[in-house]
Amino acid sequence: MDEAAVIFSDHLQRKELIELLVLAEVMVNPIPPQLERSLENWAEKLQIEDRSLVLARDVANTARAQAQSDFYRLFWMGEEDRQQENFEDLLSKHGPDAWTFTVEEDPELAMQWRGLASLPEGTLGAAVWNHYQSHGFTTPGEIGGANAALAHHDWLHVIGGYEVDLIGEVENAAFGAASSSMPGSTLWFLGVMAMYEGGLFDSVVTGANPHQISMAGNPERVVHAMNRGRQCKQDLLAIDYFSIADQPLESLQKEWGLIPELQPQ
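Computed from a predicted model, the values in this text were never measured in an experiment.

Focus on the overall build of the protein chain
Right, on to step 1. Scanning the protein chain from N- to C-terminus turns up 14 helices and 0 strands.
Right, on to step 2. In summary, the protein chain has a C-alpha radius of gyration of 19 Å against a globular reference of 18 Å for 265 residues, a match within 12%.
Right, on to step 3. Overall, the protein chain is about 60 × 45 × 35 Å in size when its C-alpha atoms are taken along their principal axes.
Right, on to step 4. Every one of the 265 residues in the protein chain was classed for burial, and the buried ones make up 48%.
Right, on to step 5. Within the protein chain, contacts between residues separated by at least 24 positions form 66% of all contacts whose residues are at least 6 apart in sequence.

Okay, structure coming up:
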(Lines give C-alpha, C1' and ligand atoms only; values in the text may rest on other atoms or scores of the structure.)
Protein backbone atom coordinates (compact mmCIF):
# COMPACT_ATOMS: atom_id res chain seq x y z
CA MET A 1 0.00 0.00 0.00
CA ASP A 2 2.88 2.38 0.73
CA GLU A 3 4.31 1.75 -2.74
CA ALA A 4 0.91 2.23 -4.36
CA ALA A 5 0.43 5.52 -2.53
CA VAL A 6 3.64 6.79 -4.15
CA ILE A 7 3.04 5.33 -7.60
CA PHE A 8 -0.61 6.46 -7.82
CA SER A 9 -0.44 10.07 -6.71
CA ASP A 10 -3.46 11.16 -8.75
CA HIS A 11 -6.87 10.88 -7.06
CA LEU A 12 -8.53 9.48 -10.19
CA GLN A 13 -5.87 6.77 -10.49
CA ARG A 14 -6.40 5.82 -6.86
CA LYS A 15 -10.16 5.72 -7.35
CA GLU A 16 -9.79 3.42 -10.36
CA LEU A 17 -7.47 1.15 -8.36
CA ILE A 18 -10.04 0.85 -5.55
CA GLU A 19 -12.75 0.14 -8.13
CA LEU A 20 -10.59 -2.65 -9.54
CA LEU A 21 -10.24 -4.13 -6.06
CA VAL A 22 -14.01 -3.87 -5.55
CA LEU A 23 -14.50 -5.70 -8.85
CA ALA A 24 -12.34 -8.56 -7.61
CA GLU A 25 -14.28 -8.64 -4.34
CA VAL A 26 -17.79 -8.70 -5.77
CA MET A 27 -17.01 -11.72 -7.95
CA VAL A 28 -16.44 -13.88 -4.82
CA ASN A 29 -19.37 -15.34 -2.91
CA PRO A 30 -19.23 -15.42 0.03
CA ILE A 31 -16.70 -12.63 0.45
CA PRO A 32 -13.97 -13.72 2.90
CA PRO A 33 -13.72 -11.38 5.92
CA GLN A 34 -9.99 -10.93 5.35
CA LEU A 35 -10.67 -9.72 1.80
CA GLU A 36 -13.20 -7.21 3.09
CA ARG A 37 -10.73 -5.91 5.67
CA SER A 38 -7.96 -5.69 3.07
CA LEU A 39 -10.12 -3.60 0.74
CA GLU A 40 -11.07 -1.26 3.58
CA ASN A 41 -7.39 -0.84 4.47
CA TRP A 42 -6.47 0.02 0.88
CA ALA A 43 -9.28 2.58 0.64
CA GLU A 44 -8.28 4.18 3.92
CA LYS A 45 -4.58 4.25 3.05
CA LEU A 46 -5.22 5.83 -0.36
CA GLN A 47 -7.82 8.20 1.11
CA ILE A 48 -10.58 7.08 -1.25
CA GLU A 49 -14.26 7.15 -0.34
CA ASP A 50 -16.25 6.06 -3.39
CA ARG A 51 -19.85 4.94 -3.91
CA SER A 52 -18.53 1.53 -4.99
CA LEU A 53 -17.36 1.01 -1.40
CA VAL A 54 -20.96 1.31 -0.18
CA LEU A 55 -21.91 -1.62 -2.39
CA ALA A 56 -18.81 -3.56 -1.31
CA ARG A 57 -19.67 -3.16 2.37
CA ASP A 58 -23.26 -4.28 1.78
CA VAL A 59 -22.33 -7.45 -0.09
CA ALA A 60 -19.51 -8.29 2.31
CA ASN A 61 -22.07 -8.25 5.11
CA THR A 62 -24.43 -10.42 3.02
CA ALA A 63 -27.01 -7.63 3.18
CA ARG A 64 -28.65 -8.58 -0.13
CA ALA A 65 -31.67 -6.31 0.14
CA GLN A 66 -29.55 -3.35 1.22
CA ALA A 67 -27.02 -4.05 -1.53
CA GLN A 68 -29.77 -4.06 -4.14
CA SER A 69 -31.26 -0.85 -2.76
CA ASP A 70 -27.89 0.93 -2.61
CA PHE A 71 -26.94 -0.23 -6.09
CA TYR A 72 -30.09 1.14 -7.69
CA ARG A 73 -29.89 4.31 -5.62
CA LEU A 74 -26.24 5.09 -6.41
CA PHE A 75 -25.63 4.03 -10.02
CA TRP A 76 -26.48 6.32 -12.90
CA MET A 77 -29.98 4.96 -13.60
CA GLY A 78 -30.92 5.58 -9.99
CA GLU A 79 -29.59 9.12 -10.34
CA GLU A 80 -31.99 9.61 -13.27
CA ASP A 81 -34.88 7.99 -11.39
CA ARG A 82 -34.47 10.31 -8.42
CA GLN A 83 -34.71 13.34 -10.67
CA GLN A 84 -38.41 12.52 -11.12
CA GLU A 85 -40.51 14.75 -8.92
CA ASN A 86 -42.71 11.93 -7.59
CA PHE A 87 -40.16 9.11 -7.57
CA GLU A 88 -40.00 8.61 -3.80
CA ASP A 89 -43.78 8.17 -3.78
CA LEU A 90 -43.53 5.58 -6.58
CA LEU A 91 -40.81 3.72 -4.68
CA SER A 92 -42.85 3.74 -1.49
CA LYS A 93 -46.00 2.48 -3.25
CA HIS A 94 -44.51 -0.04 -5.67
CA GLY A 95 -41.19 -1.12 -4.15
CA PRO A 96 -37.98 -1.90 -6.11
CA ASP A 97 -39.84 -2.26 -9.44
CA ALA A 98 -40.07 1.54 -9.49
CA TRP A 99 -36.31 1.74 -10.12
CA THR A 100 -36.65 0.19 -13.58
CA PHE A 101 -40.29 -0.18 -14.70
CA THR A 102 -43.20 2.08 -15.52
CA VAL A 103 -45.38 1.40 -12.48
CA GLU A 104 -47.85 4.21 -13.15
CA GLU A 105 -48.81 5.38 -16.65
CA ASP A 106 -46.66 8.12 -18.14
CA PRO A 107 -48.48 9.23 -21.34
CA GLU A 108 -45.83 11.85 -22.20
CA LEU A 109 -43.03 9.28 -22.13
CA ALA A 110 -45.08 6.78 -24.12
CA MET A 111 -45.86 9.37 -26.79
CA GLN A 112 -42.19 10.30 -27.07
CA TRP A 113 -41.25 6.68 -27.65
CA ARG A 114 -44.07 5.99 -30.14
CA GLY A 115 -42.79 8.94 -32.16
CA LEU A 116 -39.71 6.88 -33.06
CA ALA A 117 -41.92 4.64 -35.21
CA SER A 118 -42.28 7.41 -37.81
CA LEU A 119 -38.54 7.93 -38.32
CA PRO A 120 -36.89 6.69 -41.55
CA GLU A 121 -35.16 3.31 -41.66
CA GLY A 122 -31.47 3.56 -40.91
CA THR A 123 -31.86 6.26 -38.28
CA LEU A 124 -30.93 5.65 -34.67
CA GLY A 125 -34.49 6.13 -33.49
CA ALA A 126 -35.94 3.69 -36.02
CA ALA A 127 -33.33 1.10 -35.01
CA VAL A 128 -34.24 1.48 -31.33
CA TRP A 129 -37.97 1.24 -32.10
CA ASN A 130 -37.35 -1.90 -34.17
CA HIS A 131 -35.30 -3.28 -31.25
CA TYR A 132 -38.31 -2.87 -28.99
CA GLN A 133 -40.73 -4.41 -31.48
CA SER A 134 -38.52 -7.38 -32.33
CA HIS A 135 -38.20 -8.30 -28.66
CA GLY A 136 -41.86 -7.71 -27.87
CA PHE A 137 -41.07 -5.04 -25.29
CA THR A 138 -43.86 -2.89 -23.87
CA THR A 139 -43.47 0.76 -24.79
CA PRO A 140 -41.82 2.84 -22.04
CA GLY A 141 -44.46 4.90 -20.27
CA GLU A 142 -47.01 2.06 -20.44
CA ILE A 143 -47.56 -0.08 -17.35
CA GLY A 144 -44.96 -2.87 -17.28
CA GLY A 145 -42.67 -1.19 -19.79
CA ALA A 146 -39.27 0.25 -18.96
CA ASN A 147 -39.22 3.57 -17.18
CA ALA A 148 -37.23 6.47 -18.61
CA ALA A 149 -34.00 5.48 -16.82
CA LEU A 150 -34.02 1.83 -17.89
CA ALA A 151 -35.09 2.77 -21.42
CA HIS A 152 -32.05 5.07 -21.63
CA HIS A 153 -29.73 2.06 -21.58
CA ASP A 154 -31.55 0.43 -24.51
CA TRP A 155 -30.09 3.03 -26.88
CA LEU A 156 -26.66 1.66 -25.95
CA HIS A 157 -27.77 -1.90 -26.77
CA VAL A 158 -28.52 -0.72 -30.30
CA ILE A 159 -25.45 1.51 -30.72
CA GLY A 160 -23.12 -1.23 -29.46
CA GLY A 161 -25.01 -4.16 -30.99
CA TYR A 162 -25.40 -6.02 -27.69
CA GLU A 163 -28.11 -8.62 -27.14
CA VAL A 164 -30.58 -8.46 -24.25
CA ASP A 165 -29.54 -11.81 -22.78
CA LEU A 166 -27.55 -11.93 -19.54
CA ILE A 167 -24.06 -11.71 -21.03
CA GLY A 168 -25.32 -9.01 -23.40
CA GLU A 169 -26.40 -6.96 -20.39
CA VAL A 170 -22.91 -7.32 -18.90
CA GLU A 171 -21.33 -6.32 -22.22
CA ASN A 172 -23.64 -3.32 -22.45
CA ALA A 173 -22.72 -2.20 -18.93
CA ALA A 174 -19.00 -2.62 -19.63
CA PHE A 175 -19.39 -0.68 -22.90
CA GLY A 176 -21.41 2.19 -21.45
CA ALA A 177 -19.49 2.51 -18.19
CA ALA A 178 -16.11 2.54 -19.91
CA SER A 179 -17.25 5.39 -22.17
CA SER A 180 -18.57 7.56 -19.38
CA SER A 181 -17.50 9.86 -16.57
CA MET A 182 -21.05 10.27 -15.27
CA PRO A 183 -21.51 9.72 -11.51
CA GLY A 184 -22.42 6.09 -10.93
CA SER A 185 -21.27 4.88 -14.34
CA THR A 186 -18.55 2.56 -13.02
CA LEU A 187 -20.92 1.30 -10.33
CA TRP A 188 -23.21 0.08 -13.13
CA PHE A 189 -20.50 -2.30 -14.31
CA LEU A 190 -19.48 -3.33 -10.78
CA GLY A 191 -23.11 -4.01 -9.92
CA VAL A 192 -23.82 -6.28 -12.87
CA MET A 193 -20.62 -8.20 -12.07
CA ALA A 194 -21.84 -8.63 -8.48
CA MET A 195 -25.23 -9.82 -9.76
CA TYR A 196 -24.24 -11.97 -12.72
CA GLU A 197 -21.02 -13.50 -11.41
CA GLY A 198 -20.91 -13.24 -7.63
CA GLY A 199 -24.67 -13.63 -7.25
CA LEU A 200 -24.42 -11.30 -4.25
CA PHE A 201 -27.80 -9.67 -4.88
CA ASP A 202 -30.60 -9.87 -7.44
CA SER A 203 -31.40 -7.78 -10.47
CA VAL A 204 -34.84 -6.15 -10.29
CA VAL A 205 -35.32 -7.13 -13.94
CA THR A 206 -33.84 -10.65 -14.23
CA GLY A 207 -33.56 -11.93 -10.64
CA ALA A 208 -30.65 -14.11 -9.51
CA ASN A 209 -28.23 -15.40 -12.17
CA PRO A 210 -24.73 -16.03 -10.79
CA HIS A 211 -21.62 -17.39 -12.57
CA GLN A 212 -22.47 -15.97 -16.00
CA ILE A 213 -19.22 -14.11 -16.68
CA SER A 214 -16.91 -17.01 -15.91
CA MET A 215 -18.48 -19.21 -18.60
CA ALA A 216 -16.13 -20.04 -21.49
CA GLY A 217 -15.63 -17.10 -23.84
CA ASN A 218 -17.52 -14.58 -21.71
CA PRO A 219 -14.57 -12.85 -20.00
CA GLU A 220 -13.14 -12.01 -23.43
CA ARG A 221 -16.49 -10.61 -24.54
CA VAL A 222 -16.68 -8.36 -21.49
CA VAL A 223 -13.12 -7.09 -21.97
CA HIS A 224 -13.85 -6.42 -25.64
CA ALA A 225 -16.94 -4.39 -24.71
CA MET A 226 -14.96 -2.42 -22.17
CA ASN A 227 -12.26 -1.64 -24.73
CA ARG A 228 -14.88 -0.45 -27.21
CA GLY A 229 -16.28 1.87 -24.55
CA ARG A 230 -12.85 3.26 -23.74
CA GLN A 231 -12.16 3.98 -27.43
CA CYS A 232 -15.53 5.69 -27.88
CA LYS A 233 -15.29 9.43 -28.50
CA GLN A 234 -18.66 10.13 -26.88
CA ASP A 235 -19.83 9.74 -23.29
CA LEU A 236 -22.72 7.39 -24.05
CA LEU A 237 -24.59 8.14 -20.82
CA ALA A 238 -24.51 11.93 -21.20
CA ILE A 239 -26.82 12.18 -24.21
CA ASP A 240 -30.48 13.02 -24.75
CA TYR A 241 -30.87 10.41 -27.46
CA PHE A 242 -34.21 11.75 -28.64
CA SER A 243 -32.35 14.89 -29.78
CA ILE A 244 -30.30 12.79 -32.25
CA ALA A 245 -32.83 10.04 -32.98
CA ASP A 246 -33.30 11.26 -36.57
CA GLN A 247 -29.60 10.86 -37.41
CA PRO A 248 -28.27 7.79 -39.28
CA LEU A 249 -27.12 5.12 -36.84
CA GLU A 250 -24.06 4.16 -38.87
CA SER A 251 -22.92 7.78 -39.16
CA LEU A 252 -23.07 8.20 -35.39
CA GLN A 253 -21.15 4.97 -34.86
CA LYS A 254 -18.43 6.15 -37.24
CA GLU A 255 -18.30 9.62 -35.69
CA TRP A 256 -17.84 8.10 -32.22
CA GLY A 257 -15.10 5.71 -33.33
CA LEU A 258 -17.15 2.51 -33.11
CA ILE A 259 -16.73 1.62 -36.81
CA PRO A 260 -14.57 -0.15 -37.81
CA GLU A 261 -15.15 -2.24 -34.71
CA LEU A 262 -12.27 -3.01 -32.39
CA GLN A 263 -11.38 -6.68 -32.72
CA PRO A 264 -11.29 -8.93 -29.64
CA GLN A 265 -7.83 -9.89 -28.39
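Examining the pattern of salt bridges
Right, on to step 1. Inspection of the entire model under this criterion finds 13 salt bridges.
Right, on to step 2. Measuring nitrogen to oxygen at the nearest pair gives 2.7 Å for the salt bridge that ties E142 to R114. Of this pair, E142 sits in the loop between α9 (124–134) and α10 (148–160) while R114 sits in helix α8 (residues 107–114), placing them 28 residues apart in sequence.
Right, on to step 3. The residue K254 makes a salt bridge to E250 at a minimum N-O spacing of 3.4 Å. In this pair, K254 and E250 are both assigned in helix α14 (residues 249–255), 4 residues apart and thus about one turn of the helix distant.

Digging into the environment of G144
Right, on to step 1. You can see G144 is positioned in the loop between α9 and α10.
Right, on to step 2. For the pair G144 and E105, spaced 39 residues apart in the sequence, the C-alpha separation amounts to 9.1 Å.

Regarding the packing of aromatic side chains
Any pair of aromatic rings gets described here by the distance separating the centres and the angle formed by the planes.
Right, on to step 1. Counting across every chain of the model gives 15 aromatic pairs.
Right, on to step 2. Ring centres of W113 and W155 lie 5.6 Å apart, and the angle between their planes is 50 degrees; this geometry places the pair in the tilted category. Remark: W155 occurs in helix α10 and W113 occurs in helix α8; sequence separation between them is 42 residues. Across this residue pair, the class does not change: W113 and W155 are buried.

What to know about the packing of α9 against α10
Right, on to step 1. The geometry of α9 relative to α10 is characterised by a closest axis approach of 10 Å and an angle of 105 degrees between their N-to-C directions. In terms of axis orientation, α9 runs roughly perpendicular to α10. Of the residues in α10, those in contact with L124, G125, A127, V128, H131 and Y132 of α9 are A151, D154, W155, H157, V158 and I159.

Description of helix α13 (residues 218–231)
Right, on to step 1. For α13, which comprises 14 residues, the first-to-last C-alpha distance of 20 Å matches the rise-based estimate of 20 Å (1.5 Å per residue) to within 8%.
Right, on to step 2. Those residues of α13 that sit buried are N218, V222, H224, A225, R228 and G229. Viewed along the axis of α13, the buried residues span an arc of 160 degrees, placing them on a single side of the element.
Right, on to step 3. For α13, the secondary structure elements touched by its buried residues are α10, α11 (166–179) and α12 (185–198).

Details of the packing of helix α4 (residues 51–60) against helix α5 (residues 64–74)
To describe two helices that pack against each other, one gives the angle between their axes and the distance between the axes.
Right, on to step 1. Between α4 and α5, whose axes approach to 8 Å, the crossing angle comes to 165 degrees. The angle between α4 and α5 places the two elements in the roughly antiparallel class. For the pair α4 and α5, the sense of crossing is left-handed. On the side of α4, the interface is formed by R51, V54, L55, D58 and V59, while α5 contributes Q66, A67, D70, F71, R73 and L74.
Right, on to step 2. For the contact of α4 with α5, the class distribution of residues is 6 nonpolar, 1 polar and 4 charged.

Remarks on the environment of E16
Right, on to step 1. Assignment of secondary structure puts E16 in helix α2 (residues 11–26).
Right, on to step 2. Judged by relative accessible area, which is 42%, E16 ranks as partly exposed.
Right, on to step 3. As a C-alpha pair, E16 and S38 span 22 residues in sequence and 16 Å in three-dimensional space.

Some thoughts on the side chain of D50
Right, on to step 1. Here D50 is to be found in the loop between α3 (33–45) and α4.
Right, on to step 2. Owing to a relative accessible area of 11%, D50 belongs among the buried residues under this scheme.
Right, on to step 3. In this view, D50 contacts K15 and E19; residues no more than four positions away in its chain are not counted.

Looking at the side chain of N172
Right, on to step 1. Note on placement: N172 falls in helix α11.
Right, on to step 2. Looking at N172, the relative accessible area reads 0%, which means it is buried.
Right, on to step 3. In this structure the side chain of N172 is engaged in a polar contact, spanning 3.3 Å, whose partner is the backbone oxygen of H153.
Right, on to step 4. Excluding its chain neighbours within four sequence positions, the residues that come into contact with N172 are H153, L156, H157, Y162 and W188.

Parameters at a glance
- Counting from 1, residues in each chain are numbered in the order their sequence is written.
- Per-residue local features are limited, in this predicted model, to residues with pLDDT of at least 70; the limit for side-chain atom pairs, both in listing and counting, is 80 or more; totals at the level of whole chains, interfaces and linings are taken over all residues.
- For side-chain calculations, the full set of non-hydrogen atoms in the structure is used, while hydrogens and water are omitted.
- Every helix listed is a DSSP run of H or I at least four residues long, and every strand listed is a run of E at least two residues long, numbered separately from the N terminus.
- For the radius of gyration, the atoms used are the C-alpha atoms, and the globule rule reads 2.2 Å times the number of residues raised to 0.38.
- Type-normalised accessible area, obtained with a 1.4 Å probe on protein chains alone, sets the label of each residue: buried when under 20%, exposed when over 50%, and partly exposed for intermediate values.
- Every residue pair with non-hydrogen atoms within 4.5 Å of one another is taken to be in contact.
- In the sections that follow, a salt bridge refers to a side-chain nitrogen of Lys or Arg positioned within 4 Å of a carboxyl oxygen of Asp or Glu.
- Two rings belonging to Phe, Tyr or Trp (six-membered ring only in the last case) form a pair when the distance between their centres is within 6.5 Å. Interplanar angles under 30 degrees mark stacking, angles over 60 mark edge-to-face geometry, and anything in between is tilted.
- Interaxial angles span 0 to 180 degrees and are taken between N-to-C directions of axes, which are lines fitted to C-alpha atoms, for helices over the stretch in contact.
- Each angle is binned into one of four classes, with values under 35 degrees roughly parallel, values over 145 roughly antiparallel, values of 65 to 115 roughly perpendicular, and all other values oblique.
- In this scheme, a helix's expected span is set at 1.5 Å multiplied by one less than its residue total.
- Arc definition: it is the arc formed by the directions from the helix axis to the C-beta atoms.
- What makes a crossing left-handed is the near helix being turned counterclockwise from the far one by less than a right angle; a clockwise turn instead makes it right-handed.
- Classes in brief: Ala, Val, Leu, Ile, Met, Phe, Trp, Tyr, Cys and Pro nonpolar; Asp, Glu, Lys and Arg charged; the others, Gly included, polar.
- Pairing of N or O atoms within 3.5 Å defines a polar contact, subject to two protein rules: one partner must be a possible hydrogen donor and the other a possible acceptor, and residues neighboring in sequence count only if both atoms are side-chain atoms.

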